[in-house]
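Fold and contact review
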Amino acid sequence: MSRFAPPPGARESGGRDIALPVATARALRRKPAGRATSRGVVVGAVAVLLTGASASADAASSAPVVSGATVNSGHDVIVGITHNVVFPVTVTGSDDSGLSFADVDLKGPHGGFYTTDTFCETATACTTVFTANAHPAPGSDDPVDLANANAGTWSVDALVDANDGDSVFAPGVGSFGLKRAARLMVNASPEPVTKGSRITVTGKLVRANWDTYRYAGYAGRAVKLQFRPKGSSTYTTVATVKTSNTGTLRTKVKAVRDGYWRWNFTGTTTTGPAKAAGDYVDVRP
């Protein structure tokens with residue numbers, strides 16, 4: 001289960017900040033085979049590569065190897081303002097005795113998540129699940145209440161245990177984007193329109209504000225205006241327009257044939273992509 005711990009100096013008035021990365025380090029330790037099936041998270045002061053206290057004692061075995069981590073099946077984690085977003089993190093690696101447990105920590109701008117132990121589902125893969133939200137969740141166990149400052153690129157740290165008791169701490173074995181959800185609206189008019197006349201296509205780009213729990217206009221963003229002819233399944237970009245300081249969009253185009261008009265925003269490092277549903281315009285001779 002993902003957990004939340006307030007960082008030192010977090011906003012006392014609301015506790016809106018995610019914890020500072022709680023797994024920037026792990027204490028040196030040796031875990032015997034056949035240990036208990038669950039344990040608490042151990043936090044150290046310095047990130048280190050875990051090795052045995054005695055090189056001779058470990059001569060017969062090698063430390064496990066962490067090869068990587070995949071978050072949300074390789075997709076960005078995009079969070080709005082009303083629903084929890086649950087996403088898996090799978091750490092992969094190898095050991096001559098097989099992998100047994102993993103602690104997985106996520107760290108990003110101004111915060112982090114951490115977990116207790118998760119069993120490895122195979123000898124080479126360990127998957128745990130995280131939950132994030134950007135809405136008040138009174139009474140929940142550990143609400144991870146995101147703030148706008150948390151959006152951006154996040155990394156994965158993993159502490160992996162093998163069945164023979166060996167462990168290794170692997171910082172930065174994966175990365176992903178934690179992004180604010182975006183929405184797009186579109187309207188093309190007049191409808192119907194005479195062929196060769198001009199139509200006006202308007203719209204608005206908004207994105208989730210994790211501080212206010214509302215959607216607000218996203219200013220100064222390049223958005224593509226796209227057209228799909230009737231009977232076709234392919235949209236083609238006709239123009240690129242920047243949003244106003246309130247997130248609105250407006251342009252004029254010539255009506256040539258029947259079809260659908262939409263806006264398409266490809267996203268940024270902090271905000272997810274969005275596409276408006278196509279607005280059909282009937283073009284008459």
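Scroll up to find the structure.
Notes on the structure follow. Nothing here was measured: the structure is a model prediction, and the numbers come from that model.

Criteria and thresholds
- Residues numbered from 1 in each chain as written.
- Predicted model: local features only at pLDDT ≥ 70, side-chain atom pairs only at ≥ 80, totals over all residues.
- Heavy atoms only, no water.
- Disulfide = S-S within 2.5 Å.
- Buried < 20%, exposed > 50% of the residue type's maximum accessible area, 1.4 Å probe, protein only.
- Salt bridge = Lys/Arg side-chain N within 4 Å of Asp/Glu carboxyl O.
- Helix = DSSP H or I, 4+ residues; strand = E, 2+ residues; numbered from the N terminus.
- Pairing = 2+ DSSP bridges.

Turning to the state of the cysteines, a few remarks are in order. Tallying each qualifying case throughout the model produces one disulfide. Here cysteine 120 engages in a disulfide with cysteine 126; their sulfurs sit 2.0 Å apart. Negative torsions about the S-S bond denote left-handed disulfides, and the value of about 75° found for cysteine 120 with cysteine 126 makes this one right-handed. Both residues of the pair, cysteine 120 and cysteine 126, count as buried.

The next thing to look at is the pattern of salt bridges. Inspection of the entire model under this criterion finds three salt bridges. As a salt-bridge pair, lysine 179 and aspartate 76 come within 2.9 Å of each other at their nearest N and O atoms. Pair noted here: lysine 179 is in strand β10 (residues 167-180) and aspartate 76 is in the loop between β2 (65-71) and β3 (77-79), with a separation of 103 residues, a long-range link. What makes lysine 179 buried here is its relative accessible area of 13%.

Another point: the pairing of strand β5 (residues 99-108). Taking burial as the measure, the ten residues of β5 include nine buried ones, the bulk of the element. In this sheet, strand β9 (residues 152-162) lies alongside β5 in antiparallel orientation, the contact comprising eight bridges. Directly across from leucine 99, in β9, lies its bridge partner alanine 162. In terms of strand pairing, β5 meets strand β7 (residues 118-119) through two bridges, oriented antiparallel. Its bridge partner lying in β7, alanine 102 is registered against threonine 118.

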